[in-house]
Amino acid sequence: MSGLMWHTAAALPDPARPFWFGLPYWLVGAVLILALFGAFQVYYWVGRKLGEKLYESKVGVRLGRERIARIEGVVEKWGALAVYGCFWVPMLRHTLPWVAGALRVSYPWYVVASALGCLTWAPIWWFGLTALVWGWLQLAARSPVSALVLLLAVAAGVAWFFVRRRRKALASS
């Protein structure tokens, strides 16, 4: 057990040491959380400004009227809670805030929900993704062949996922 704990701890950088641009790890994470929060505010206000024009915009055309209508249904049913939930659903993460703005979800509740989402979702990705990258780099330092095999396996898995999804989409249409 202690061996496993040591390897896990070795995959995370020291939070107090300089990490990026001489800033400590925790401060870089905090800056990224604030940047994500800022992006969500921009999404909301752009959606609010666009309103009905959202359907005719490049993003709206690319998403499709049917998909935007489904997202509107989620926002109308759940309100600001949908904003918090969108952090955990990949496609909704960057589309629902626009729709929330277009539907004029209460901005104070939107701010609360997006702040809670940023404070819970972003650290998991920040620490988790960093642990994966550092772990892979340590594996590459010990065994470059194993690291390459792992990288190829992950790339094959991602390619398989997207090919399978595309085939399902083509079969259903």
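Owing to the predicted nature of the structure, the values given are computational and were not obtained by experimental measurement. (Residues numbered from 1 in each chain as written. Predicted model: local features only at pLDDT ≥ 70, side-chain atom pairs only at ≥ 80, totals over all residues. Heavy atoms only, no water.)

Some points on helix α4 (residues 65–78)
The condition that has to hold: Runs of E in the DSSP output that reach at least two residues are strands. Runs of H or I that reach at least four are helices, and both are numbered from the N terminus. Here, expected helix span is obtained from the residue count minus one, scaled by 1.5 Å. Each residue gets one of three labels from its accessible area relative to the maximum for its type: buried under 20%, exposed over 50%, partly exposed in between, using a 1.4 Å probe on protein chains only. Note: the arc covers the axis-to-C-beta directions of the helix.
In a regular helix each residue adds 1.5 Å, so 14 residues correspond to 20 Å; α4 covers 20 Å between its end C-alpha atoms and thus fits that length. Taken as a whole, α4 has its buried residues at Ile68, Ile71, Glu72 and Val75. The buried residues of α4 all sit within an arc of 105° when viewed along its axis, so they share a single face. In α4, the exposed positions angled more than 90 degrees off the buried face are occupied by Glu66, Arg70 and Lys77. Positive phi shows up at glycine 79, right after α4, with a value of about 60°.

Some thoughts on a nonpolar patch on the surface
Using the following cut-off: Residues qualify for a patch when their relative accessible area is over 30% and they have no salt bridge, like charges being joined within 9 Å and the nonpolar side chains of Val, Leu, Ile, Met, Phe, Trp and Tyr within 5 Å. Computed by Shrake-Rupley with a 1.4 Å probe, the accessible areas treat only the displayed protein chains as cover when residues are assessed. When a carboxyl oxygen of Asp or Glu lies within 4 Å of a side-chain nitrogen of Lys or Arg, that pair is called a salt bridge.
The grouping of Trp88, Val89, Ile124, Trp125, Leu129, Leu132, Val133, Trp134 and Leu137 at the surface amounts to a nonpolar patch, some 870 Å² of accessible area in total. Tracing the backbone through its elements, the reader meets tryptophan 134 in helix α7 (residues 107–142). According to the relative accessible area criterion, tryptophan 134 is partly exposed, its value standing at 32%.

A short note on the packing of α7 against helix α8 (residues 144–172)
The axes of two packed helices give the description: the angle between them and the distance between them. Formally: Here an axis means a line fitted to C-alpha atoms, over the contact stretch when the element is a helix, while the angle between two N-to-C directions is reported on a 0 to 180 degree scale. What sets the label is the angle itself: under 35 degrees gives roughly parallel, over 145 gives roughly antiparallel, 65 to 115 gives roughly perpendicular, and the rest give oblique. Any two residues having at least one pair of non-hydrogen atoms within 4.5 Å are treated as being in contact. Residues are sorted three ways: Asp, Glu, Lys and Arg are charged, Ala, Val, Leu, Ile, Met, Phe, Trp, Tyr, Cys and Pro are nonpolar, and all the rest, Gly among them, are polar.
Relative to each other, α7 and α8 sit at 135°, their axes nearing to 5 Å. With respect to each other, α7 and α8 are oriented oblique. Between α7, through Trp136, Leu139, Ala140 and Arg142, and α8, the contact on the second element is made entirely by Pro144, Ser146, Ala147, Leu150 and Leu151. Split into classes, the residues belonging to the contact of α7 with α8 amount to seven nonpolar, one polar and one charged.

Some points on the environment of proline 123
If you trace the backbone, proline 123 turns up in helix α7. In this structure, the C-alpha to C-alpha distance between proline 123 and isoleucine 33, residues 90 residues apart in sequence, is 7.6 Å. Excluding residues within four positions of it along the chain, proline 123 makes contact with Ile33, Cys118 and Gly128.

Side note on the side chain of threonine 95
Looking at where threonine 95 falls in the secondary structure, it is placed in the loop between α5 (80–86) and α6 (96–102). On the basis of relative accessible area, threonine 95 is assigned to the buried category, the value being 11%.

Remarks on the environment of tyrosine 107
Mapped onto the fold, tyrosine 107 is located in helix α7. Sequence spacing of tyrosine 107 and tryptophan 45 is 62 residues, and the spatial spacing of their C-alpha atoms is 9.5 Å. Each residue touching tyrosine 107, except ones within four places of it in the same chain, is listed here: Gln41, Tyr44 and Trp45.

Looking at the environment of tyrosine 110
Definition in use: Nitrogen and oxygen atoms within 3.5 Å of one another constitute a polar contact, given that in protein one can donate a hydrogen and the other can accept it, and given that sequence-neighbouring residues count only through two side-chain atoms.
The residue tyrosine 110 is located in helix α7 in this model. Accessibility expressed as a relative area gives 0% for tyrosine 110, which makes it buried. Along the sequence, tyrosine 110 and alanine 80 sit 30 residues apart, while their C-alpha atoms lie 5.4 Å from each other. Here tyrosine 110 is in contact with Phe40, Gln41, Tyr44, Ala80, Val83, Pro97, Ala100 and Val105, once residues within four sequence places are set aside. Only 2.6 Å separates the side chain of tyrosine 110 from the backbone oxygen of phenylalanine 40, close enough to count as a polar contact.

Quick look at the nonpolar core
Condition: Grouping buried Ala, Val, Leu, Ile, Met, Phe, Trp, Tyr and Cys residues that are joined through side-chain atoms within 4.5 Å yields what is termed a nonpolar core.
Among the nonpolar cores identified, the biggest contains 28 residues, and Leu36, Phe40, Phe87, Leu96 and Tyr110 are the most heavily contacted of them. Among the secondary structure elements, those contributing two or more residues to this core are α2 (25–50), α4, α5, α6 and α7. Not counting the four nearest positions on each side in its chain, leucine 36 is found in contact with Phe87, Cys118, Trp121 and Ala122.

Some details on unusual backbone geometry
Despite not being glycine, arginine 104 has its phi angle at roughly 60°, a positive value. Turning to its location among the elements, arginine 104 is positioned in the loop between α6 and α7.

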